[in-house]
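Given next are the chains, with one letter for each unit.
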Amino acid sequence: MLEQVKTVLFDLDGTLVDSMWMWQEIDVEYLGSLGFTVPENLHEKIEGMSFSETAVYFKETFQVPQSLEEIKSVWISMAVEKYALEVPFKPGAKNFLKELRRRGIRTGICTSNSRELLQAVVDSLGLDQYIDCFMTACEVRAGKPAPDIYLAVAQRLETHPKDCLVFEDIPNGIEAGLRAGMKVCAVEDTFSLDRKEIIQKMAHYYIRSYDQVLDGTYEKRNEVL
């Protein structure tokens, strides 16, 4: 999978770190405080949106009286401690990052999360040892499935899109990588298992653990390649 790859780009939540469980809890608590229950299709509606785009969606959909900055501030305060203390790497991810460093392959994180919460994860897991570039979707024109963030990080790392490999866990993220002209490996996550078949068909590769990249036991989708 890593043959001729010069740069590896990662989504963060559900891809490099195991954190999607936390956002489901926060959605229940936050919407509950406003007198709402979480709609069944909420996560499909907002997946891939930048942190700011998600705040706009919540404000308009649930008629939240707070300003966009206030909404984001509340979410950050609810999440930052969990990110700092309770969010681990996905299976095999740390060893994989070490191997990429050993091989001299450049790395970037392309997340829809906020800069504040990204920094909490960086500090907690020591990601600055392994990652060359960090960017949030709030820093580009449009969030996923637009390819903007992947193209921007590739440009910053001086890598042509065809020489990049993307790791993602959700359809909108996979689509963003594909639209950027990059190879994409889907990472299995508990909170997207209901769409596993779709995800497998969209991506070039599929893994349950990053160990599979190095030992060659990943799934390869020839019809995509």
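Located above this text is the structure these notes cover.
Reading the values: the criteria
- Residues numbered from 1 in each chain as written.
- Predicted model: local features only at pLDDT ≥ 70, side-chain atom pairs only at ≥ 80, totals over all residues.
- Heavy atoms only, no water.
- Phe/Tyr/Trp six-rings, centres within 6.5 Å; stacked < 30°, edge-to-face > 60°.
- Helix = DSSP H or I, 4+ residues; strand = E, 2+ residues; numbered from the N terminus.
- Buried < 20%, exposed > 50% of the residue type's maximum accessible area, 1.4 Å probe, protein only.
- Contact = heavy atoms within 4.5 Å.
- Pairing = 2+ DSSP bridges.
- Right-handed = clockwise from strand over helix to strand, strands pointing away.
- Core = buried A, V, L, I, M, F, W, Y, C linked by side-chain atoms within 4.5 Å.
- Axes fitted to C-alpha atoms, helices over the stretch in contact; angles between N-to-C directions.
- Left-handed = near helix turned anticlockwise from the far one by under 90°.
- Nonpolar A, V, L, I, M, F, W, Y, C, P; charged D, E, K, R; others polar.

S.K.: For this particular structure, what's the right way to read the packing of aromatic side chains?
M.R.: The geometry of two aromatic rings is summed up by the distance between their centres and the angle between their planes. Tallied over the full model, the rule gives 15 aromatic pairs. With centroids separated by 5.4 Å and ring planes inclined at 85°, the aromatic side chains of Y205 and Y218 adopt a geometry described as edge-to-face. Taken as a pair, Y205 in strand β6 (residues 205–207) and Y218 in the loop between α10 (211–215) and β7 (219–220) lie far apart in primary sequence, 13 residues in all. By relative accessible area, Y205 is classed as buried at 7%. Residue classification places Y218 among the partly exposed positions, given a relative accessible area of 21%. A connected cluster of aromatic rings, assembled from ring pairs, spans W23, Y30, F36, F51, F58, F62, W75 and Y83.

S.K.: How should I be thinking about the environment of A120 in this particular structure?
M.R.: One can find A120 in helix α6 (residues 115–125). Spatially, the C-alpha atom of A120 lies 23 Å from that of S209, the residues being 89 residues apart in sequence. Beyond its immediate stretch of four places on either side in the chain, A120 contacts V80, Y83 and A84.

S.K.: Would you mind showing me how to read the pairing of strand β3 (residues 133–136) here?
M.R.: The side chains of a regular strand alternate, first on one face of the sheet and then on the other. Residues C133 and M135 point to one face of β3 and F134 and T136 to the other, with burial holding for every one of them. Bridging between strand β2 (residues 106–111) and β3 involves four bridges; their strand directions are parallel. In the strand pairing of β3, C110 is matched with M135. Traced from β2 through α6 to β3, the parallel crossover comes out right-handed.

S.K.: Sorry, what's going on with the nonpolar core here?
M.R.: The biggest cluster of nonpolar side chains holds 53 residues, and the ones touching the most others in it are F10, L127 and F167. The residues contacting F10, other than those within four sequence positions of it, are L16, F96, L97, L100, T107, G108, I109, C110, I131, Y150, F167 and Y210. The next biggest cluster of nonpolar side chains, apart from the first, holds 22 residues, and it includes C133, M135, V184 and A186.

S.K.: Sorry, what's going on with the packing of helix α1 (residues 20–33) against helix α3 (residues 51–62) here?
M.R.: How two helices sit against one another is set out by the angle between their axes and by the gap between those axes. The interhelical angle for the contact between α1 and α3, taken along N-to-C directions, is 35°, at an axis separation of 13 Å. Crossing hand, α1 versus α3: right-handed. Together, W23, D27, Y30 and L31 of α1 and F51, F58 and F62 of α3 make up the contact between the two elements. A class-by-class count of the residues in the contact of α1 with α3 yields six nonpolar, no polar and one charged.

S.K.: Looking at this structure, I do not really get the sheet that holds β6. What am I missing?
M.R.: In a beta sheet, neighbouring strands pair by backbone hydrogen bonds and run either parallel or antiparallel. Overall, mixed pairing links the seven strands, which are arranged β3-β2-β1-β4-β5-β6-β7 in an open sheet. Lying at the two open borders of the sheet, with one neighbouring strand each, are β3 and β7. This element, α6, spans β2 and β3 of the sheet and lies at about 145° to β3. Its contacts with the sheet place helix α7 (residues 148–156) against β1 (7–10), β2, β3 and β4 (164–168), and it is angled at close to 155° to β3.

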